[in-house]
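What follows is the residue order along each chain.
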Amino acid sequence: MNSLEEFYFYLYVPEGAGEMGSYFASRLPGVGKVPWFICETLSCLFDDLGEMNPDYSGFKKMAQHFVLSMFDREGRPVGFCSFIPERLDLVQIDIILIKKDLRGRGLGRILLGYLEQALQHGAVLYVRQVTGTGRKFFTRCGFSRDVQLFKVLKAGNRLYNAGPGRVPAAGACV
């Protein structure tokens, strides 16, 4: 079973994010901040998008969103999550993508669970557009189906609860 300690996490904060960027960077244990060019190269490394349309507008707008990336201990990219915090308690998940050869191992859950740590009790995560596989993934992660997929974070439904001494280390992987 994979755990957070097996990975490095990096956060891209879009220009002008100010307080929101500082908030997320401070609430994600061990995260390293990265410039946009690191995230830009990620999209080239993910040659299989699964059911996602390669022309999806979210890829073109990623520089305007927060991007949480996950690397293994050898410095290889594992996956990334592009998200849009509308408020501190309302966050849209735009893209979660795991490398094709690593899918089905729970890595998307680890990535999403790590992001959840930054959000306070009662915060809402939601997904506007989702593929069939994505819908299955999000419902397995505790999202409910309404008009859109959403999840209200509370003590019993977080994917990962960090305890003392369980903070992943940040490191230079790229």
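Residues numbered from 1 in each chain as written. Predicted model: local features only at pLDDT ≥ 70, side-chain atom pairs only at ≥ 80, totals over all residues. Heavy atoms only, no water.

Student: What's the story with the pairing of strand 5 (residues 90-98) in this structure? I'm lost.
Tutor: A regular strand places its side chains on the two faces of the sheet in alternate fashion. For strand 5, the tally of buried residues reaches nine of nine residues, placing the bulk of the element in the interior. Note that strand 4 (residues 77-87) and strand 5 share eight bridges and pair antiparallel. Each bridged residue has a counterpart across the sheet, and for Ser82 the counterpart in strand 5 is Ile95. Between the antiparallel neighbours strand 4 and strand 5 lie two residues. Direction of pairing for strand 5 relative to strand 6 (residues 124-127): parallel, over a ladder of four bridges. Its bridge partner lying in strand 6, Ile93 is registered against Val127. The handedness of the strand 5 to strand 6 crossover, carried by helix 4 (residues 107-116), is right-handed. (Buried < 20%, exposed > 50% of the residue type's maximum accessible area, 1.4 Å probe, protein only. Helix = DSSP H or I, 4+ residues; strand = E, 2+ residues; numbered from the N terminus. Pairing = 2+ DSSP bridges. Right-handed = clockwise from strand over helix to strand, strands pointing away.)

Student: Mind showing me how you'd approach the packing of helix 4 against helix 5 (residues 132-140) here?
Tutor: Geometrically, a packed helix pair is captured by the angle between its two axes and the distance between the axes. At a minimum axis separation of 11 Å, helix 4 and helix 5 run at an interaxial angle of 60°. Taken together, the axis directions place helix 4 and helix 5 in an arrangement best described as oblique. Handedness of the helix 4/helix 5 crossing: right-handed. Contacts from Gly108, Arg109 and Leu112 of helix 4 reach helix 5 at Phe137, Phe138 and Arg140. Broken down by class, the residue content of the contact of helix 4 with helix 5 amounts to three nonpolar, one polar and two charged. (Axes fitted to C-alpha atoms, helices over the stretch in contact; angles between N-to-C directions. Parallel < 35°, antiparallel > 145°, perpendicular 65-115°, else oblique. Left-handed = near helix turned anticlockwise from the far one by under 90°. Contact = heavy atoms within 4.5 Å. Nonpolar A, V, L, I, M, F, W, Y, C, P; charged D, E, K, R; others polar.)

Student: How should the pairing of strand 3 (residues 66-72) be read in this particular structure?
Tutor: Of all the seven residues making up strand 3, seven are buried; the element is thus mostly covered by neighbouring parts of the structure. The pairing of strand 1 (residues 7-12) with strand 3 spans six bridges and is classified as antiparallel. When the bridges of strand 3 are listed, Phe9 appears paired with Met70. Bridge count between strand 3 and strand 4: six bridges; the pairing is antiparallel. From the neighbouring strand, Leu68 faces strand 4, where its bridge partner is Cys81.

Student: Would you mind showing me how to read helix 4 here?
Tutor: Three- or four-residue spacings in an α-helix give side chains the same orientation, since the helix completes a turn every 3.6 residues. When you tally the buried positions in helix 4, you get nine out of ten residues, the bulk of the element. Within helix 4, the full set of buried residues consists of Leu107, Gly108, Ile110, Leu111, Leu112, Gly113, Tyr114, Leu115 and Glu116.

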